[in-house]
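# Coordinates in review
Here is what each chain is made of, one letter per residue.
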Amino acid sequence: MGLLFVESLPGPKVFKCGRCKVDSASHDAIISKDFHGRYGRAYLFKSVVNITLGPDEDRHLITGLHTVNDIYCSCCQQILGWRYEKAYEESQKYKEGKYILEKARMSKEGW
């Protein structure tokens, strides 16, 4: 196995993996806090770091059918949420390429 590249985020407010505490997203990247995941509240982000993507999977979510990829911490492999690959309903297209991080799987630094 090779070296693992870990990106550190600047700024006072950073979301981190709840298990290994590696940076995952900046507070400035939040699009919405009005989402729900498998484990409760979740946030929609425009960008995240230090993640790996699972395979494409079609899921029937509250807002309809979407193609998503689970996202995992690149350091400890804990599932953190998912990425919207494709939305089939026109009203949901804004989610494509965006990321859901589940609050229960994250810790906060600088709050």
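Residues numbered from 1 in each chain as written. Predicted model: local features only at pLDDT ≥ 70, side-chain atom pairs only at ≥ 80, totals over all residues. Heavy atoms only, no water.

## Overview of the packing of aromatic side chains
Centre-to-centre distance and the angle between the planes together describe a pair of aromatic rings. If you walk through the whole model with that rule in mind, you get four aromatic pairs. Considering the side-chain rings of Phe15 and Tyr43, the 5.6 Å spacing of their centres and the 75 degrees angle between planes classify their relative orientation as edge-to-face. Linking Phe15 in strand β1 (residues 14–17) with Tyr43 in strand β4 (residues 40–45), this pair joins segments that are 28 residues apart in sequence. Residue Phe15 is classed as buried on the basis of its relative accessible area of 4%. Seen from their ring centres, Trp82 and Tyr84 are 6.2 Å apart, and the 80 degrees between their planes marks the pair as edge-to-face. (Phe/Tyr/Trp six-rings, centres within 6.5 Å; stacked < 30°, edge-to-face > 60°. Helix = DSSP H or I, 4+ residues; strand = E, 2+ residues; numbered from the N terminus. Buried < 20%, exposed > 50% of the residue type's maximum accessible area, 1.4 Å probe, protein only.)

## Some details on the UniProt feature "domain: Yippee" (unreviewed entry) in the chain
As annotated by UniProt and renumbered to match this structure, "domain: Yippee" (unreviewed entry) occupies residues 13–110. Here residues 13–110 is 0% helix and 58% strand, with 5 Å between the C-alpha atoms at its ends. (UniProt positions renumbered as here; feature names shortened; annotations may be inferred.)

## Regarding the environment of Ala42
Topologically, Ala42 is positioned in strand β4. Setting aside its immediate chain neighbours within four residues, Ala42 contacts Lys33, Asp34, Phe35, His36, Gly37, Ile100, Leu101, Glu102 and Lys103. (Contact = heavy atoms within 4.5 Å.)

## Here we look at the layout of surface pockets
Within this model, the largest pocket holds a volume of roughly 230 Å³. Together, Asp34, Phe35, His36, Gly37, Arg38, Arg59, Leu61, Ile62, Thr63, Trp82, Tyr84 and Lys95 line the largest pocket. Among the secondary structure elements, those contributing two or more residues to the lining of the largest pocket are β3 (30–37), β6 (57–61) and β8 (79–87). At four residues, the largest contribution of residues to the lining of the largest pocket is made by β3. Looking at the lining of the largest pocket residue by residue, the classes come out as five nonpolar, three polar and four charged. (1 Å grid on protein atoms, 1.4 Å probe; cavity = no way out; pocket = protein on both sides within 12 Å on 5 of 7 lines; lining within 4 Å. Points joined across faces, edges and corners; volume = space filled by probe spheres on them. Nonpolar A, V, L, I, M, F, W, Y, C, P; charged D, E, K, R; others polar.)

## Some thoughts on a positive patch on the surface
Together, Lys13, Lys33, Arg41, Lys103 and Lys108 give the surface a local cluster of positive charge. When you line up the elements, Lys103 lands in the loop between β9 (99–102) and β10 (106–109). We classify Lys103 as partly exposed; its relative accessible area is 36%. (Patch = residues over 30% accessible without salt bridge, like charges linked within 9 Å, V, L, I, M, F, W, Y side chains within 5 Å. Areas by Shrake-Rupley, 256 points an atom, 1.4 Å probe, with all protein chains shown as cover. Salt bridge = Lys/Arg side-chain N within 4 Å of Asp/Glu carboxyl O. Lys, Arg positive; Asp, Glu negative; His and termini not counted. Charge placed at Lys NZ, Arg CZ, Asp CG, Glu CD.)

## Quick notes on the pattern of salt bridges
The tally for this structure, following the rule as stated, stands at eight salt bridges. Arg38 serves as the salt-bridge partner of Asp70, at 2.8 Å between the closest nitrogen and oxygen. Within this pair, whereas Asp70 is found in strand β7 (residues 64–73), its partner Arg38 is found in the loop between β3 and β4, the two being separated by 32 residues in sequence. Residue classification places Arg38 among the partly exposed residues on the basis of a relative accessible area of 40%. A salt bridge links Glu96 to Lys93; the nearest nitrogen and oxygen atoms lie 3.4 Å apart. A relative accessible area of 28% places Glu96 in the partly exposed class. The network of salt bridges with shared partners includes Arg38, Glu57, Arg59, Asp70 and Glu102.

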